[in-house]
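# Summary of structural features
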Amino acid sequence: LELSQHIKKHFKKDDIETLFGCSIDLHNIMRIFRLRVYFDYKADEIIPFIIRPSYRLTDSMISELCSSNGIKEFMSLLKNTPYRRLAAADSGTSLETLSMEFLSDKAGKVLHFSKSAPAVIYAYMIYKNYETDKIKIIIESIKTSSNQNYDYYQYLQSLHPYSLLM
């Protein structure tokens, strides 16, 4: 809450508040999804776990998501939010992947167009985390030999140059 208020007071809304707010909203969406779908928590049990203030999710949207019954209803409710792009997911794993892609896209735009140093640093951290997670998946796939036909070396060579600055 204090960090959110500090950001609103000292930085441009377009850059760092957008990234920070989207991060909070996506974290809340994933938390609601996991608690509701996997652990069958009730709406009043989920609300204390929500990070406040949310960015583009209203209280009514959050309460509707908390009240959903199952994946299909959750995704149909998600279509009515600013994060409707995530509603294409058919499981928790694909929802997490889509949310990371969504945040990575936002971070990529800030990396290319922002003039605010704190926003660029935060965007870089988001983008680096996204690319690092993809590399972990590749390493785990090689380790378990789950996909023999995929050219992992070619994928690693094609990564964005910012991701190789780790």
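Above this text you will find the structure in question.
### A look at helix α4 (residues 59–66)
Among the residues of α4, those classed as buried are Met61, Ile62, Leu65 and Cys66. In an axial view of α4, the angular spread of the buried residues amounts to 135°, which keeps them on one side of the axis.

### Points about the packing of helix α6 (residues 92–113) against helix α7 (residues 117–144)
With their axes 8 Å apart at the nearest point, α6 and α7 run at an angle of 140° to one another. Put simply, α6 runs oblique to α7. Where α6 crosses over α7, the two elements pack in a sense that is left-handed. Together, Met100, Glu101, Leu103, Ser104, Ala107, Val110 and Leu111 of α6 and Ala119, Val120, Ala123, Tyr124, Ile126, Tyr127, Asn129, Tyr130 and Asp133 of α7 make up the contact between the two elements. Grouping the constituent residues of the contact of α6 with α7 by class yields twelve nonpolar, two polar and two charged.

### So, the environment of Lys109
Among the structural elements, Lys109 can be located in helix α6. As for Lys109 and Asp15, which are separated by 94 residues in sequence, their C-alpha atoms are 9.4 Å apart.

### Details of α7
The end-to-end C-alpha separation of α7 is 40 Å, in line with the 40 Å expected for 28 residues at 1.5 Å each. Three or more residues of α7 are buried, namely Ala119, Ala123, Ile126, Tyr127, Tyr130, Glu131, Thr132, Ile135, Ile138 and Ser141.

### Let's talk about the pattern of salt bridges
Inspection of every chain in the model, using the stated rule, returns six salt bridges. Among the ionic pairs, Arg36 bridges to Asp40, the shortest N-O distance being 3.5 Å. Look at Arg36 and you get buried, because its relative accessible area is 9%. Linking Asp133 and Lys136 is a salt bridge whose minimum nitrogen-to-oxygen distance equals 3.7 Å. One end of the pair is Asp133 and the other is Lys136, both in helix α7 and three residues apart, which spans about a single turn. The class for Asp133 is partly exposed, based on a relative accessible area of 26%. Residue Lys136 is classed as partly exposed on the basis of its relative accessible area of 48%.

### A short note on the nonpolar core
Among the nonpolar cores identified, the biggest contains 35 residues, and Ile29, Ile32, Phe74, Leu78, Tyr83, Leu86 and Leu95 are the most heavily contacted of them. Looking at this core, the elements that each hand over two or more residues are α2 (13–38), α4, α5 (70–78), α6 and α7. Among the elements that make up this core, the one with the highest residue count is α2 (nine residues). In this view, Leu86 contacts Leu26, Ile29, Met75, Leu78, Leu95, Leu98, Ser99 and Phe102; residues no more than four positions away in its chain are not counted.

### Section: unusual backbone geometry
Looking along the chain, the bond that leaves Arg52 and enters Pro53 is cis, with omega of -10°. If you trace the backbone, Pro53 turns up in the loop between α3 (43–46) and α4.

The rules behind each value
Residues numbered from 1 in each chain as written. Predicted model: local features only at pLDDT ≥ 70, side-chain atom pairs only at ≥ 80, totals over all residues. Heavy atoms only, no water. Buried < 20%, exposed > 50% of the residue type's maximum accessible area, 1.4 Å probe, protein only. Helix = DSSP H or I, 4+ residues; strand = E, 2+ residues; numbered from the N terminus. Arc of directions from axis to C-beta. Axes fitted to C-alpha atoms, helices over the stretch in contact; angles between N-to-C directions. Parallel < 35°, antiparallel > 145°, perpendicular 65-115°, else oblique. Left-handed = near helix turned anticlockwise from the far one by under 90°. Contact = heavy atoms within 4.5 Å. Nonpolar A, V, L, I, M, F, W, Y, C, P; charged D, E, K, R; others polar. Expected span 1.5 Å × (residues − 1). Salt bridge = Lys/Arg side-chain N within 4 Å of Asp/Glu carboxyl O. Core = buried A, V, L, I, M, F, W, Y, C linked by side-chain atoms within 4.5 Å.

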